[in-house]
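Examining the three-dimensional arrangement
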Amino acid sequence: MNSKHTWSFTAIVIGVIFIINLFSQQIFLRFDLTENQRYSISDVTRDILEDIDDPITVKVYFSENFPRQLISVKQYVLDMLNEYRAYAGTSLEYEFISITGEDQELEQEAMSYGIQPVQANITESDEIKVQRIYLGIVFLYGDQKEIIPFAQQVDQLEYDMTGAIKKLSQGSLPKIGWLTGHGEQSLGEEGVARAMSEIQKNYELVEVNLSSEEQIPQDVNTAILAGSTAPFNDHDLYKLDQFLLRGGRLGAFLNTKIIDMQNQYMPVQENPSNIFSFMEHYGIKYGRQLLLDKQSYQVQAMQNLGFLQIPVAVDYPFAPRITNLNKENPIVNRLSELGFFFVNELSFSADSSTVAFNPLMYTSDMTGYAMPDQRTRQINISAAQEVPDYMYREGEKVISAVLEGEYSSYFGMNRPDSIAFPVSHLATSISSSALVSVGNATFTSQQFMVPASLTFLLNTVDWLHDRNGLISIRSKNVQPSQLDEMTSGTRQTMKWMNILLAPMLIVLFGILRWYIRNKSKSLAGA
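I will try to describe carefully the structure that is included in this document.

The rules behind each value
- Residues numbered from 1 in each chain as written.
- Predicted model: local features only at pLDDT ≥ 70, side-chain atom pairs only at ≥ 80, totals over all residues.
- Heavy atoms only, no water.
- Patch = residues over 30% accessible without salt bridge, like charges linked within 9 Å, V, L, I, M, F, W, Y side chains within 5 Å.
- Areas by Shrake-Rupley, 256 points an atom, 1.4 Å probe, with all protein chains shown as cover.
- Salt bridge = Lys/Arg side-chain N within 4 Å of Asp/Glu carboxyl O.
- Helix = DSSP H or I, 4+ residues; strand = E, 2+ residues; numbered from the N terminus.
- Pairing = 2+ DSSP bridges.
- Core = buried A, V, L, I, M, F, W, Y, C linked by side-chain atoms within 4.5 Å.
- Buried < 20%, exposed > 50% of the residue type's maximum accessible area, 1.4 Å probe, protein only.
- Contact = heavy atoms within 4.5 Å.
- Polar contact = N/O pair within 3.5 Å; in protein donor to acceptor, adjacent residues only side chain to side chain.
- Axes fitted to C-alpha atoms, helices over the stretch in contact; angles between N-to-C directions.
- Parallel < 35°, antiparallel > 145°, perpendicular 65-115°, else oblique.
- Left-handed = near helix turned anticlockwise from the far one by under 90°.
- Nonpolar A, V, L, I, M, F, W, Y, C, P; charged D, E, K, R; others polar.
- Phe/Tyr/Trp six-rings, centres within 6.5 Å; stacked < 30°, edge-to-face > 60°.

**Observations regarding a nonpolar patch on the surface**
- Among the surface-exposed residues, M494, M497, L501, L505, V507, L508, I511, L512, W514, Y515 and I516 lie close enough to one another that they form a single nonpolar patch of about 1,100 Å² accessible area.
- Position of L512 among the secondary structure elements: in helix α11 (residues 488–525).

**A look at the sheet that holds strand β15 (residues 296–305)**
- Read across the open sheet, the 3 strands follow the order β15-β16-β18; overall the sheet is antiparallel. The sheet is open, and its two borders are formed by β15 and β18 (338–339), each paired with just one other strand.
- The pairing of strand β16 (residues 308–322) with β18 spans 2 bridges and is antiparallel. Within β18, the residue paired with R321 across the bridge is G339.

**Considerations on the nonpolar core**
- One finds I331, F340, M361 and F456 to be the most contacted residues of the largest nonpolar core, which totals 40 residues.
- For this core, the elements supplying multiple residues, two or more each, are β7 (175–180), α6 (193–199), β9 (222–226), β20 (355–362), β22 (398–405), β23 (433–438) and α9 (453–465).
- By residue number, the principal contributor to this core is α9, which donates 7 residues.
- Filtering out sequence-adjacent residues up to four positions away, M361 remains in contact with I322, N324, L325, V332, L338, F340, K397, V398, I399, S400 and F456.

**Thoughts on the environment of N233**
- You can see N233 is positioned in the loop between β9 and α7 (234–245).
- On the accessibility criterion, N233 (42% relative accessible area) is partly exposed.
- In this structure the C-alpha to C-alpha distance between N233 and Q295, which are 62 residues apart in sequence, comes to 39 Å.
- Side-chain polar atoms of N233 contact the backbone nitrogen of D236, separated by 2.8 Å.

**Quick word on the packing of helix α3 (residues 71–88) against helix α5 (residues 154–170)**
- Here α3 crosses α5 at 40 degrees, and the two axes come no closer than 11 Å. What the angle tells us is that α3 and α5 run oblique. For the crossing formed where α3 meets α5, the hand is right-handed. Counting all contacts with α3, which are made through V73, Y76, V77, M80, L81 and Y84, the residues of α5 involved are V154, L157, E158, M161, T162 and I165.
- Residues belonging to the contact of α3 with α5 are distributed by class as follows: 10 nonpolar, 1 polar and 1 charged.

**Here we look at the sheet that holds β22**
- If you walk across this open sheet you meet the 8 strands as β8-β7-β9-β10-β23-β22-β20-β17, and the pairing is mixed. Among the strands making up the open sheet, the edge pair consists of β8 (204–209) and β17 (324–325).
- By the bridge criterion, 6 bridges tie β7 to β8 in an arrangement that is parallel. Opposite L179, over in β8, you have V208 as the bridge partner.

**Points about the packing of aromatic side chains**
- According to the stated counting rule, one finds 22 aromatic pairs in the structure shown.
- Measuring from ring centre to ring centre gives 5.3 Å for Y238 and F411, while their planes differ by 70 degrees; the resulting arrangement is edge-to-face. With Y238 in helix α7 and F411 in the loop between β22 and β23, this pair connects stretches of sequence that are 173 residues apart. An identical accessibility class is assigned to Y238 and F411; each is buried.
- A ring pair is formed by F342 and F448, whose centres lie 6.2 Å apart and whose planes are at 80 degrees; its orientation type is edge-to-face. Here the residue F342 occupies a position in the loop between β18 and β19 (346–348), and F448 occupies one in the loop between β23 and α9, the gap between them amounting to 106 residues.
- For F448, a relative accessible area of 11% gives the class buried.

Written out as structure tokens, the structure reads:
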């Protein structure tokens, strides 16, 4: 009788679970309990969706025979689109289009939008097969389209989807100026190609040569100055000066040293550019020495092993690993760490009553200055050298900061007679401007990128253009959460708990079960 009741109860529970699961596929309801609400759409996305005027159609092309490891991604795309439609209403419609191996017409349709299949390993009947799969998203708005070729990165999906919708709904992309003419890398150079392609996903990136353009165009409100190595004449500095006074927003990525890794005799040279005195007027002073940090990234160095040389990973103090980040600023508040090769310290040099100075990041408290060799008078940047601990005695240093406020002109109350300019002289700011300064000029180059460098660059551009915009989405859970450090004693305790706890619980359960049975028999006998 008891066995019959048990089986009936089990059947009822299974039936209830089946019905709940069946209805849950049709009802969109989620509770996001993760840190930073990584699975909920942001307020920025909601505002953009609510402001859509004309309908946007979303088509999701996916393979019918989908790899098991990516099934959760497909479900996540569906959940996100349900949430998007909840806020956009009738302004957003979507459809999931299943592509089978035999359906050539649908494959051609997907590829006509720019969605290409990728190769994936499919396990069937204990065999691994290579198969082409689709998981692309197309956004259609009138005769315009935006695509996500393969939606594999879940933590980037909201940014990509919202960015696509924003681009379609606003008509044209905002312009970002890339300033050149004084030793900076131009947009066509291979070293910055990756960074440029990422910026161009959401902005129209225009190169502005300060030595030939009559001014920074009026429709450019955000500009990037990265790696100046040549002197500016007064006319070129005046263009930058007037841009900032009209409320322009500038990312200044500069270094007072020029690093030439190919020069064995003088790898570190003084930067002759006069941009640093200009920047000091605008509130940011660049240190003249390179910093060393004991908390650093590793690089490959050759080590002698008998007659052989083998590459080994060694700490490189010229590449600080930055973990002391300003958690109040959205540019870095969701990054766990960051780093740069070859950095200068920054300090504040403006009037604090009109300009706010907020550090973005610091080196560790084991920081020092790179000193030239007494014999050669050159700074040794070799990864093979050993830096003694007494060199790290300067404490933490600011290497990046945000400045916001109003300024007076670098040229004073009147424009110099030698300078011709198409608009009236601005002696003081007519609108508040913003600067993001970094004591490094190499992180935009593929050669010197470290983890999160690209994210930092894109966050900086987003913040400069619209401090409350897409940046709040991009930095969601960029880095995985790190485990807290544990002492050796704590680790040993946790180890033995993992080994012994499960067997002990099983034994205790057995003892409890034995006791209950004996008690039941005693009561039955009485």
